[in-house]
Amino acid sequence: MCGVIGYTGNMEAAPILLEGLKKLEYRGYDSAGIAVLDKNVISISKVSGRIAHLCEKTDDGKLLHGCIGIGHTRWATHGAPTDTNAHPHMSNDGRFAVVHNGIIENYLMLRDELKAKGYHFESQTDTEVIVHLIDMYDTGDFRKAVMKAASRLQGSYALGVICADDPDKLIAVREYSPLLIGVGIGENYFASDVTAIVPYTRNVIYLDDGQLAEITKENIVVYDCTGKKVPKEINHISWDVQDAEKGGYAHFMLKEIMEQPGAVKAAMTPRMKDGEICWEESGLDSFDVHSVSRIVITACGSAYYAGSAGRYVFEQLCRIPVQVELASELRYSNPIIDGQTLLIVLSQSGETADTIAAMRECMKRGAKSLAIVNVVGSTIAKIADHTVYTWAGPEIAVATTKGYTTQLTVLYLLALWMGRKLGTLDEESYHMLYESIRALPKVIQDALDMNPMIKKLAGKYHDAKALFFIGRNTDYATALEGALKMKEISYLHSEAYAAGELKHGTIALIDDHQPVIALCCNSLLQEKTISNIVEVKARGAEVLAVTCKGNQNILSVADDVLYIPKVEPIFSTVAEIIPLQLLAYYVAEENGCDIDKPKNLAKSVTVE
Ligand code: AGP
C-alpha cells in the first residue's frame, strides 16, 4: 500500500528518488518523504500530501545533497497522514533511516520493549519500531543489525535502510511485500516496483521473502535469513519507459482504457497458435485436466468480478462446478478443498494480501493453484503451481481496466482449452469459439469508438444521486464491475443487481428519473432483461442500455442505447465493460475527481 525506493551511485540522489516516487505514487499518496546521506549525515524531508508537495518543499530535490538515499510514498495504516508519521523514520541519534511498506503486526509489544530501554518515539506508526530495533542491535555491522531487527518482526515488510556510519550502502529486506533491485552501471536501486527505476535500468533482481540485499553502487549481494549468500538471477524487463507514461492522455486511466485492444491481443497472442491453445511458459500443457472435479476462483475487487464472469464460461464450456469466493472471506471460511480442486487465483498486482492468504490456505489443503497475474515476479506468481501472465503492461491508474479485460481473456482461453481437453466441447464449437476470442481486440476497438457519445452521456448522468446497474448472468458480472468502476473514481453511489432480483426489494428505490444502466449483451437472456427494463421504466427510471448490434427491441424501452458489436454471449463481458469504464471516467471528470488516485484507495492492497 506504500511505495519505497532507494538509490546509490554518482548522481545527486534526491531528484532520482522524487522522480521514482512520482511513479510509485499510485501505491499510496497521503504523505511522502526522502532521506539522503552525505558526509556521514542523514538529511530528511517529509510532508503530508502528494509528492508534488515534497518536490516544492525540497525545490525538486535540490535542497538535499548526497549520492545515496531512500524514499517513500505512504498509504496510512498506523497513524494519520501527518508530516511526523510520514517515512523515512530515523533513529534517535540520527544514524539510521528506514522506509517501510507493509505492516508490523507485533509493533505494540516491540514498542513497549524499546520504550522500556529508553527509546523515544516520534510517530504513531508501526514502522518506527524497526529503526529503533536496528539501532538497538547495532554493534558496528550494519547488515547484521538489520538482519537481527528483521528477525524480530512479524507481519509484512519491504524495508530500505541507510546508515550514517556506513555511507556507501543501502540495505533492502523483503518479507511478504514486493521489492526488487535495479541493476545499473556504477549505480544501483531498490524499489517496490519496476516503474520507478525503468528510466535508468531494465535489469532487475526480484528478492524473495526472507531475503536481504546489501547494495553499493558497484555491487549487490543477496543473503537469506540465516545470513548465507544466495545467487540471484538478473531478469530483463522488456517494456519501455513510455509504457509507464501518460503518452498525451489526461490520465493513466484513459490511456489504459484505450490500450485494451493491444493489451488483450498481447494476452492471447502467445497462447493462440494455428487453432491450438498452448501454455508453454506456465507448464500447464502437461496439466491433467481430468484430475479436476471442481474449480474455486478467488480474488478481490475487480479481479473477483472477472472471476465471477469466468465462472459462467467455465461452467458452460467445461461442465465443472465453479465456486467464486472473495479472498478476504475464503481465507477464514475453513474452506472445503481437496486434491481435486483447481484453485484459480486472479490478481493484477500479484501482491494483494487477502488473495495471497486465501491461496496459501487452499494450497495447504491440497488445491492445485493456477495464478493469473499481470506483474512479473510478484508474490502470487511465485507461489502458484502454475502462473499465466496477462501481459497487460504496467497499469498505473488505481482503477483497473486493462488488467481486468486481460484477466477475462486468459479465463476465456483457459476454459476453452479445458473444455476441449475434457471433451465437453466438440471440435466445431471449439473452433467457432476460438475465432470469437481472436476477434475480441477488434470488438473492443469498436466499443472504444463510442467514446464521444459516452462522453456526452456522462453530462446527463454525472449529478445523479445514485446509479443502478442491472443484468443477468455474464451481464450481471459486468454490472458488478461497472458499478465498482463508477463508485471508486466518481464517488457516485452505484449498485449492481441481478436484473431478475430487483422485484424482490430493490425496485422500491426506483422512482422518477432514477438512472438505471441495463446490461443486455448476453443474447440468450436479452428478452428477459428487457422485461426488467420495462419494470423499472414503469416506475419512472431513466434507462441507459448497453447491448449488441442488432437488438432493435431495446430501442422501444430504453432512453439511450450504446451498441457494442455482436459477440459470443459468454465472451461479451470483455466488450460490454468498455462503455462502462468510459462512462465512469467521464462522470468522474465532470465531477472534478482525482481519477488516477481516488480518495482512500491504493493500487495494490498489501494489507489485510
Ligand atoms: C479495481 O479497480 C480496484 N482498484 C481493486 O478492486 C482491485 O481490483 C483489487 O484490489 C484487486 O487487486 P489485484 O488485482 O491487484 O489483486
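In this text the structure is predicted, and so the values were computed from the model without any measurement.

A. Quick look at the pairing of strand β17 (residues 294–299). Within β17, five of the six residues are buried, which leaves it mostly tucked inside the rest of the structure. Looking at chain direction, β17 and strand β19 (residues 341–347) are connected through five bridges and run parallel. Within the sheet, the bridge partner assigned to Arg 294 lies in β19 and is Thr 341. Where β17 lies against strand β18 (residues 322–326), five bridges are found, and the strand directions are parallel. Across the sheet, residue Ala 299 finds its bridge partner in β18, namely Leu 326. Between the parallel pair β17 and β18, the chain is carried across by helix α8 (residues 301–318), and the sense of this crossover is right-handed.

B. Here's a closer look at the packing of aromatic side chains. Following the criterion strictly, the structure yields ten aromatic pairs and no others. Here Tyr 7 and Tyr 189 contribute two aromatic rings whose centre-to-centre distance is 5.2 Å and whose plane-to-plane angle is 55 degrees, an arrangement assigned as tilted. Of this pair, Tyr 7 sits in strand β1 (residues 3–8) while Tyr 189 sits in strand β10 (residues 188–191), placing them 182 residues apart in sequence. For the pair Trp 279 and Trp 417, a centre-to-centre distance of 6.1 Å together with 80 degrees between the ring planes defines the contact as edge-to-face. Of the two residues, Trp 279 sits in the loop between β16 (276–277) and β17 while Trp 417 sits in helix α12 (residues 402–422), which places them 138 residues apart along the sequence. The same class applies to Trp 279 and to Trp 417, which are both buried. Put simply, the rings of Tyr 7, Tyr 189 and Tyr 200 touch in pairs and so form one group of aromatic residues. We note Arg 143 situated over the ring of Tyr 223; from NZ or CZ to the ring centre the distance is 3.8 Å.

C. Highlighting helix α1 (residues 13–24). If you check α1, its first and last C-alpha atoms are 16 Å apart, about what twelve residues at 1.5 Å a residue would give, namely 16 Å. Of all twelve residues in α1, nine are buried, a share of seventy percent or more. Listing the buried residues of α1 in full gives Ala 13, Ala 14, Ile 16, Leu 17, Leu 18, Gly 20, Leu 21, Lys 23 and Leu 24. Looking at the packing, one finds that the buried side of α1 touches β1, β2 (31–38), α2 (51–57), β4 (68–74) and β10.

D. Expanded view of the site of the ligand. Looking at the ligand, there are 15 residues lining it, with Ser 347, Gln 348, Ser 349, Thr 352 and Glu 488 nearest. One of the side-chain N or O atoms of Lys 485 is found 3.0 Å from an oxygen atom in the ligand. Isolated, the ligand exposes 410 Å² of accessible area, and the fraction of that covered by the protein chains is 90%. Those elements that place two or more of their residues in the shell around the ligand are α8 and α16 (474–490). Counted by class, the shell around the ligand contains six nonpolar, seven polar and two charged residues.

E. Fine view of the pattern of salt bridges. Within this structure, the stated rule accounts for 37 salt bridges. One salt bridge in this structure joins Asp 93 and Arg 95, with 2.7 Å as the shortest N-O distance. Of the charged contacts in the structure, one is a salt bridge between Lys 273 and Glu 280, with a shortest N-O distance of 3.7 Å. Take Lys 273: its relative accessible area is 35%, and that puts it in the partly exposed class. In this structure, a network of salt bridges that share partners links the residues Asp 93, Arg 95, Asp 135, Asp 138 and Asp 165.

Quick notes on the rules
Residues numbered from 1 in each chain as written. Predicted model: local features only at pLDDT ≥ 70, side-chain atom pairs only at ≥ 80, totals over all residues. Heavy atoms only, no water. Buried < 20%, exposed > 50% of the residue type's maximum accessible area, 1.4 Å probe, protein only. Helix = DSSP H or I, 4+ residues; strand = E, 2+ residues; numbered from the N terminus. Pairing = 2+ DSSP bridges. Right-handed = clockwise from strand over helix to strand, strands pointing away. Phe/Tyr/Trp six-rings, centres within 6.5 Å; stacked < 30°, edge-to-face > 60°. Lys NZ or Arg CZ within 6 Å of the ring centre and 35° of its normal. Expected span 1.5 Å × (residues − 1). Contact = heavy atoms within 4.5 Å. Near = heavy atom within 4 Å. Polar contact = N/O pair within 3.5 Å; in protein donor to acceptor, adjacent residues only side chain to side chain. Areas by Shrake-Rupley, 256 points an atom, 1.4 Å probe, with all protein chains shown as cover. Nonpolar A, V, L, I, M, F, W, Y, C, P; charged D, E, K, R; others polar. Salt bridge = Lys/Arg side-chain N within 4 Å of Asp/Glu carboxyl O.

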